[in-house]
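# Secondary and tertiary structure notes
As a plain string of letters, each chain reads:
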Amino acid sequence: MKSDTRTRARLRLDERLQTLQPIDQFRAPPKGWVRALRDALGMTGAQLGARIGVRPQTIESIEMSEAAGTIKLNTLRRAAEALDCTLVYALVPNSSLQAVVEARARKIAIRELQRVAHTMRLEAQGTENADFEARVQAYIRDNLSERDLWNET
């Protein structure tokens, strides 16, 4: 695979995202962050509504939609500001981005090499499995670009 610049950028992003692990520390409370913070501050729904400029019933709706996972980011940002908070939004990969790219490249290479090996066996020209890993690495290096990894086939 090529693209040294993209690899370096991916590794830098992996480093930044590593500080967010373990992700469990950011799991929302059962009733959502808005309700948890409002309760912790001793603020009523009417008081929060006044700070945002909405009715108390709207605050209840905001809290319910956050707990259900259907809240809009803009609405959550407004609630955060009214609670003197900063909304932090991130997508945190389950493993490193580098590992995701390498696993995807490996999957494609194995699929393609197995297809060729099958055809060769049908023609009684089978290859040995001993050097399979070396062929996988060579295929990745010589035939795959990062942009090709995400095409659905």
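Whatever comes next refers back to the structure up there.
Procedures and definitions
Residues numbered from 1 in each chain as written. Predicted model: local features only at pLDDT ≥ 70, side-chain atom pairs only at ≥ 80, totals over all residues. Heavy atoms only, no water. Axes fitted to C-alpha atoms, helices over the stretch in contact; angles between N-to-C directions. Helix = DSSP H or I, 4+ residues; strand = E, 2+ residues; numbered from the N terminus. Parallel < 35°, antiparallel > 145°, perpendicular 65-115°, else oblique. Contact = heavy atoms within 4.5 Å. Nonpolar A, V, L, I, M, F, W, Y, C, P; charged D, E, K, R; others polar. Expected span 1.5 Å × (residues − 1). Buried < 20%, exposed > 50% of the residue type's maximum accessible area, 1.4 Å probe, protein only. Arc of directions from axis to C-beta.

In the contact formed by helix α2 (residues 33–41) and helix α4 (residues 56–68), the axes pass within 7 Å of each other and the chain directions differ by 125 degrees. In terms of axis orientation, α2 runs oblique to α4. For the pair α2 and α4, the contacting residues are W33, V34, R35 and R38 in the first and I59, E63 and E66 in the second. Its residues placed into classes, the contact of α2 with α4 shows three nonpolar, no polar and four charged.

Moving on to helix α1 (residues 4–18). Taking 1.5 Å as the rise per residue, α1 with 15 residues should run 21 Å; its terminal C-alpha atoms sit 21 Å apart, in good agreement. Here α1 has its buried residues at R10, D14 and L17. Each buried residue of α1 lies within a common arc of 70 degrees when the element is viewed along its axis, so the set occupies one face. Exposed side chains of α1 directed beyond 90 degrees from the buried face belong to D4, T5, R12, E15 and R16.

Let us look at the environment of D148. Position of D148 among the secondary structure elements: in the segment after α7 (132–143). C-alpha of D148 to C-alpha of I108: the two residues are 40 residues apart in sequence and 9.7 Å apart in space.

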